[in-house]
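Notes for the structure review
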Amino acid sequence: MSGPHWNAILHDVEMSPGMAIVRDSALTVEQVQKLEIVEEAAGQYGDSIVYGIAAVGELLVRAAESGELDKDLAMGTGWLIESLARLAGAIHEQGAAAGYKLRNSPREVVKP
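A short tour of the structure in this document, coming up.

**Quick word on the overall build of the chain**
Scanning the chain from N- to C-terminus turns up two helices and zero strands. Buried positions account for 24% of the 112 residues belonging to the chain. Look at the contacts in the chain between residues 6 or more apart in sequence, and 79% of them connect residues 24 or more apart. In the structure as shown, the chain presents an accessible area of about 8,100 Å², 60% of it carried by carbon and sulfur atoms.

Given below as structure tokens:
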């Protein structure tokens, strides 16, 4: 068994009920709205995590420069950065999947 993956707890654009698209079917208005929300949230949260990782990296460098970086702090910070990077990647995958569906799937024609 492989280790845990962030997609296990994130919204899965490919498998979620109401989001899965049958081949050659059109996106409903509700599906388009949900996909737009996923794509936007993925961008915003992904950016926040990436900037946070950069800040933690800078703090790690400063701690090392001052001689205050012990093995436990380095290891804990390393595992945090690894987890955050995996989370950012999983969020990016979901945003990309939503964007792909929005750009490449036909849309249902709404009749007035």
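**Looking at helix α2 (residues 71-104)**
Here α2 contains 34 residues, and its C-alpha end-to-end distance of 49 Å stays within 8% of the 50 Å for a straight helix at 1.5 Å per residue. Within α2, burial applies to Thr77, Leu87, Ala88, Ala90, Ile91, Gln94, Gly95, Ala97, Ala98, Gly99, Lys101 and Leu102. On its buried face, α2 sits against α1 (29-65).

**Brief notes about the pattern of salt bridges**
When charged atoms on two side chains of opposite charge get close, those side chains can pair. Overall, the coordinates contain five salt bridges when judged by the stated rule. Between Arg62 and Glu65 there is a salt bridge, with the nearest N and O atoms lying 3.5 Å from each other. In this pair, Arg62 and Glu65 are both assigned in helix α1, three residues apart and thus about one turn of the helix distant. Residue Arg86 is joined to Glu82 by a salt bridge in which the shortest nitrogen-to-oxygen separation is 2.2 Å. In this pair, Arg86 and Glu82 both sit in helix α2, four residues apart, roughly one turn of the helix. Judged by its relative accessible area of 51%, Arg86 is exposed. Three or more residues joined by partner-sharing salt bridges are found here, namely Glu58, Arg62 and Glu65.

**Let's talk about α1**
The first and last C-alpha atoms of α1 sit 54 Å apart over 37 residues, in line with the 54 Å expected at 1.5 Å per residue. Among all positions in α1, only Gln31, Val32, Leu35, Val38, Ala42, Gly46, Ile49, Ile53 and Ala63 are buried. The inward-facing, buried residues of α1 abut α2. Of the residues trailing α1, Gly67 is marked for its positive phi of about 80 degrees.

**With respect to the packing of α1 against α2**
Relative orientation and spacing of two packed helices are given, respectively, by the angle between their axes and the distance between those axes. It is at 8 Å that the axes of α1 and α2 come closest, and there the two elements cross at 155 degrees. Taken as axis vectors, α1 and α2 run roughly antiparallel relative to one another. Pair α1 / α2 crosses with left-handed handedness.

About the cut-offs
- Here, residues in each chain are numbered from 1, in the same order as that chain's written sequence.
- This being a predicted model, a pLDDT of at least 70 is required before a residue's local features are given, and a value of 80 or more before pairs of side-chain atoms are given or counted; all residues contribute to the totals for chains, interfaces and linings.
- Heavy atoms throughout the structure, all of them, feed into the side-chain values; hydrogens and water do not.
- Helix and strand assignments follow DSSP, with helices taken as H or I runs no shorter than four residues and strands as E runs no shorter than two, numbered in order from the N terminus.
- Buried, partly exposed and exposed residues are distinguished by accessible area as a fraction of the type maximum, computed with a 1.4 Å probe on protein chains only: under 20%, between the cut-offs, and over 50%, respectively.
- Contact definition: two residues touch when any of their heavy atoms are within 4.5 Å.
- All accessible areas in this document rest on Shrake-Rupley with a 1.4 Å probe, and a residue is counted as covered only by the protein chains that are shown.
- Here the expected length of a helix is defined as 1.5 Å per residue gap, with one fewer gap than residues.
- In the sections that follow, a salt bridge refers to a side-chain nitrogen of Lys or Arg positioned within 4 Å of a carboxyl oxygen of Asp or Glu.
- A fitted line through C-alpha atoms serves as each axis, taken over the contacting stretch for helices, and the angle formed by two N-to-C directions is quoted from 0 to 180°.
- Every angle not falling under 35 degrees, over 145, or within 65 to 115 is termed oblique; those three ranges are roughly parallel, roughly antiparallel and roughly perpendicular.
- Two helices cross in a left-handed way if the nearer one is turned anticlockwise from the farther one by less than a right angle. They cross in a right-handed way if the turn is clockwise.

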